[in-house]
Amino acid sequence: MQFPGISYMTEKGTIPESLILVSGPSGAGKTVYCRQFFEDGVIGGSYCIYISSSLINKQFRNQFSRIEKPTLDQNCMFINPYLYTMPVDNPPQNLSSSS
């Protein structure tokens, strides 16, 4: 599935240095549009980050099963902020100063 005009809107694959807000009523196709945008980016070689608070990794991979596993592994990162844990070898830095 392709969206007509996406290449034109993104200047043939590059996203302008601005914020893009996708809005509309329920059922308008926002999720479908964003999934296709993500898929086109990953397949095109761009590194993409997919954030969802409602999916687990298996559901994410099933959702994008059309993308070959090595391509998905190399060109994207999936984050569920509710399931994300900080790597042990990279503990958070204490940002407060102690006097």
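Computed from a prediction, not measured in an experiment: that's the story for all the values here. (Residues numbered from 1 in each chain as written. Predicted model: local features only at pLDDT ≥ 70, side-chain atom pairs only at ≥ 80, totals over all residues. Heavy atoms only, no water.)

Draft legend 1. Main features of the pairing of strand β1 (residues 48-51). Burial along β1 is one-sided: the residues Cys48 and Tyr50 are buried and none of Ile49 and Ile51 is. Here four bridges tie β1 to strand β2 (residues 76-79), and the two strands are oriented parallel to one another. When the bridges of β2 are listed, Tyr50 appears paired with Phe78. (Buried < 20%, exposed > 50% of the residue type's maximum accessible area, 1.4 Å probe, protein only. Helix = DSSP H or I, 4+ residues; strand = E, 2+ residues; numbered from the N terminus. Pairing = 2+ DSSP bridges.)

Draft legend 2. Quick peek at the pattern of salt bridges. In total, this model carries three salt bridges according to the counting rule given. Residue Arg61 pairs with Asp73 through a salt bridge whose shortest N-O separation is 2.6 Å. In this pair, Arg61 sits in helix α3 (residues 57-63) while Asp73 sits in helix α4 (residues 69-75), placing the two residues twelve residues apart along the sequence. For Asp73, a relative accessible area of 36% puts it in the partly exposed group. Note that Asp73 and Lys69 form a salt bridge whose closest N and O atoms lie 2.7 Å from each other. Placement of both Asp73 and Lys69 in helix α4 is noted, with a separation of four residues, approximately one turn of the helix. The class for Lys69 is exposed, based on a relative accessible area of 52%. One network of salt bridges, in which partners are shared, links Arg61, Lys69 and Asp73. (Salt bridge = Lys/Arg side-chain N within 4 Å of Asp/Glu carboxyl O.)

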